[in-house]
Amino acid sequence: MKITVYVAGPMTSLPHHNFPAFFKAEARLKKLGYRVVNPARLDVEAGELTMSGVIKKQAGARDIARRDLLAILDKCDGIVLLPGWKHSKGAKCERALAEWMDMSILSYRSLVGRKK
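The structure reproduced in this document is the subject of the present report. (Residues numbered from 1 in each chain as written. Predicted model: local features only at pLDDT ≥ 70, side-chain atom pairs only at ≥ 80, totals over all residues. Heavy atoms only, no water.)

### Section: the pairing of strand β4 (residues 104-107)
The sheet contact formed by strand β3 (residues 78-81) and β4 spans 4 bridges and is parallel. Following the sheet pairing, G78 is matched in β4 by S104. Handedness of the crossover joining β3 and β4 through helix α4 (residues 89-100) is recorded here as right-handed. (Pairing = 2+ DSSP bridges. Helix = DSSP H or I, 4+ residues; strand = E, 2+ residues; numbered from the N terminus. Right-handed = clockwise from strand over helix to strand, strands pointing away.)

So, in structure tokens, the structure goes:
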């Protein structure tokens, strides 16, 4: 049975909003058989950022948080934590929500192996 996971990790203050890591994780998780909700893709689909993480339209933090947290609640069975998630307020919130809702909380490194 395929489960749907949300990719959680640091974005703010990182080059290109860390989009390359989010899109790489999305591709690798799909190859492993997961359905994936990628917040970077949500930003692109909303017209807020480009695929390379360049801001097109500034969105409010509450609007982004609302969209992302509702995506977790409405579409996901669990979350996958990218490296560096502990340094992200958003990812810590997303993890807390998943924990509260008794969802699966998975480590990206554990799923795909450590970088050599």
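Anyway, onward from the coordinates.
### Some remarks on the packing of helix α3 (residues 61-75) against α4
Two elements in contact, α3 and α4, have axes whose closest approach is 11 Å; the angle formed by their N-to-C orientations is 30°. In terms of orientation, α3 lies roughly parallel with respect to α4. You can see that α3 and α4 cross each other, and the crossing is right-handed. In this structure, α3 uses D68, L69, I72 and L73 to contact α4, whose residues at the interface are C93, E94 and L97. When grouped by side-chain class, the residues that make up the contact of α3 with α4 number 5 nonpolar, no polar and 2 charged. (Axes fitted to C-alpha atoms, helices over the stretch in contact; angles between N-to-C directions. Parallel < 35°, antiparallel > 145°, perpendicular 65-115°, else oblique. Left-handed = near helix turned anticlockwise from the far one by under 90°. Contact = heavy atoms within 4.5 Å. Nonpolar A, V, L, I, M, F, W, Y, C, P; charged D, E, K, R; others polar.)

### Points about the layout of surface pockets
Estimates place the volume of the largest pocket at around 790 Å³. Taken together, 33 residues make up the lining of the largest pocket; nearest its centre are M11, T12, I64, D68 and G90. Elements with a contribution of two residues or more to the lining of the largest pocket: β1 (4-8), α1 (19-31), α2 (39-45), α3 and α4. In terms of residue class, the lining of the largest pocket is built from 18 nonpolar, 9 polar and 6 charged. (1 Å grid on protein atoms, 1.4 Å probe; cavity = no way out; pocket = protein on both sides within 12 Å on 5 of 7 lines; lining within 4 Å. Points joined across faces, edges and corners; volume = space filled by probe spheres on them.)

### Examining unusual backbone geometry
At N18, a residue that is not glycine, the phi angle is positive and equals roughly 65°. For N18, a relative accessible area of 16% gives the class buried. (Buried < 20%, exposed > 50% of the residue type's maximum accessible area, 1.4 Å probe, protein only.)

### Quick look at the nonpolar core
One finds V5, V7, L29 and Y108 to be the most contacted residues of the largest nonpolar core, which totals 17 residues. At the level of secondary structure, the elements contributing two or more residues to this core comprise β1, α1 and α5 (108-112). Look past the residues within four positions of L29 in its chain and what remains in contact with it is V5, V7, Y34, V36, V80, Y108 and L111. Counting residues in each nonpolar core, the second largest holds 14 residues, with C76, L81, A98 and M103 among its members. (Core = buried A, V, L, I, M, F, W, Y, C linked by side-chain atoms within 4.5 Å.)

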